[in-house]
Amino acid sequence: MAKRQTLSAGELAQIPPNMLNSLPALQPPAGVQPNFVNPEDRGYILNSVATVLLCLMVSLFANRVYTKLFIIRKMGWDDLSCTIGFLGSIAMYIIILWSTVLGSVGKHQWDVRLVEYLSGNFVTVSFSNSCFGGSFDTAQTSAIIVFLAPLTLLFTKLTFFLLYFQVFRPLRWLRVSVYIGATLTCAFYGAASIAQLVFSVPRPGQTWLEHALSGEFNKADVLSVPLSAVGLGIDIALLVMPIAAVMRLQLPTKRKIGVLFIFMFGILACVGSLLSLYYRVVSSRSPDLTWNIMAVELVT
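Calculation rules
- Residues numbered from 1 in each chain as written.
- Predicted model: local features only at pLDDT ≥ 70, side-chain atom pairs only at ≥ 80, totals over all residues.
- Heavy atoms only, no water.
- Helix = DSSP H or I, 4+ residues; strand = E, 2+ residues; numbered from the N terminus.
- Buried < 20%, exposed > 50% of the residue type's maximum accessible area, 1.4 Å probe, protein only.
- Contact = heavy atoms within 4.5 Å.
- Areas by Shrake-Rupley, 256 points an atom, 1.4 Å probe, with all protein chains shown as cover.
- Core = buried A, V, L, I, M, F, W, Y, C linked by side-chain atoms within 4.5 Å.
- Lys, Arg positive; Asp, Glu negative; His and termini not counted.
- Salt bridge = Lys/Arg side-chain N within 4 Å of Asp/Glu carboxyl O.
- UniProt positions renumbered as here; feature names shortened; annotations may be inferred.
- Patch = residues over 30% accessible without salt bridge, like charges linked within 9 Å, V, L, I, M, F, W, Y side chains within 5 Å.

With respect to the overall build of the protein chain
- Counting its regular elements, the protein chain contains 13 helices and zero strands.
- Each helix and strand of the protein chain, ordered N terminal to C terminal, gives the series α-α-α-α-α-α-α-α-α-α-α-α-α.
- By the burial criterion, 40% of the 300 residues in the protein chain qualify as buried.
- In the protein chain, the share of contacts with a sequence separation of at least 24, taken over all contacts with a separation of at least 6, comes to 73%.
- With the model as given, the accessible surface of the protein chain reaches about 16300 Å², and the carbon-plus-sulfur share is 69%.

Below you can see the structure in the form of structure tokens.
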């Protein structure tokens, strides 16, 4: 795993304020000059894809709500879970826009001024010891992301377990599988949210910036790969369970194929999880965080 090249809070405080705007957030490769004026920026790709997915999500969620309220006229626990996951996804979308439009995600880290990297879109002109607290900086945004993402995934995946329980209730083996899967999912993502929050939030008497520059903050990044791997396993289970259940149902062949086709859309979730795992590994092995994290956020 590549080591993030950062300064300590003490070293940063000793740098004259007029020099901070000329220092890159990462030492560039040999022969490469930092470009603070017109850097290569692929953040628009993330914004475009996220916006398309957001529109698709909103339309499907609205269709679900309309169907439950005006056609079926019955709501369930899966609807509550789905709504919480939906709101979490909206919040994640806003953070994505924040990180690209106002932040540095999508640019090479050596094309970002050190002061911008540490303070997000709140660029501090006079950078002294007094700036080590107060502003809503990159560290605080990162803390929100690492805490919110597991919770959003928890309620999104819990929706499917609750749905399977309703649809395939007569199948005892599937009910047991739902109990086990839902319990493990809640325990896993709940523990992940708590752990990420503990690693990302500063200790008493410590400012956000000081914590961001400490080794403790990097533990949240270390957990990202194993968390993504377990998430992929849960997605595979969510894909296999309904397919195995439908195969055992006494249905006409054409109808069975149609039902299987609906549940096999879960392959898209598995592909997303697999790509998330791949890009998290790539990001963990490279110090160029602002460039590589874009792909992680996109597939997430």
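Let's talk about the nonpolar core
- Counting 20 residues, the largest nonpolar core has Phe-161, Tyr-164, Phe-168, Leu-174, Val-178, Ile-234 and Met-241 as its most contacted members.
- Where this core is concerned, the elements lending two or more residues are helix H6 (138–167), helix H7 (172–200), helix H10 (224–247) and helix H11 (253–263).
- Residues contacting Tyr-164, with those up to four places away along its chain left out, are Arg-169, Leu-174, Val-178, Leu-238, Met-241, Pro-242 and Phe-263.
- Formed by seven residues, the second largest nonpolar core is a distinct cluster that contains Ala-50, Tyr-93, Ile-96 and Val-105.

Overview of the side chain of Lys-256
- Note that Lys-256 resides in helix H11.
- Asp-78 provides the closest opposite charge to the buried, salt-bridge-free Lys-256, at an N-O distance of 23 Å.
- The residues touching Lys-256, leaving out its near neighbours within four places in the chain, are Val-246, Met-247, Leu-249 and Leu-251.

Section: the UniProt feature "transmembrane region" (unreviewed entry) in the protein chain
- According to UniProt, the feature "transmembrane region" (unreviewed entry) maps to residues 44–63, 84–105, 143–165, 177–202, 222–245 and 257–279 in the numbering used here.
- Counted over residues 84–105, helix gives 86% and strand 0%. Its end C-alpha atoms are 26 Å apart.
- Strand forms 0% of residues 257–279 and helix 91%; the C-alpha atoms that close the span are 34 Å apart.

A few points about the pattern of salt bridges
- Taken as a whole and judged by the stated rule, the model has five salt bridges.
- Note that Asp-79 and Arg-64 form a salt bridge whose closest N and O atoms lie 3.1 Å from each other. Of this pair, Asp-79 sits in helix H4 (residues 77–102) while Arg-64 sits in helix H3 (residues 43–72); the two residues are 15 residues apart in sequence, bridging distant segments of the chain.
- Classification of Arg-64 as partly exposed rests on a relative accessible area of 24%.
- A salt bridge links Lys-68 to Asp-79; the nearest nitrogen and oxygen atoms lie 2.9 Å apart.

A short note on a nonpolar patch on the surface
- On the surface, a cluster of nonpolar side chains totalling about 560 Å² of accessible area is made up of Tyr-44, Ile-45, Val-49, Leu-53, Leu-56 and Leu-60.
- Its place among the elements puts Ile-45 in helix H3.

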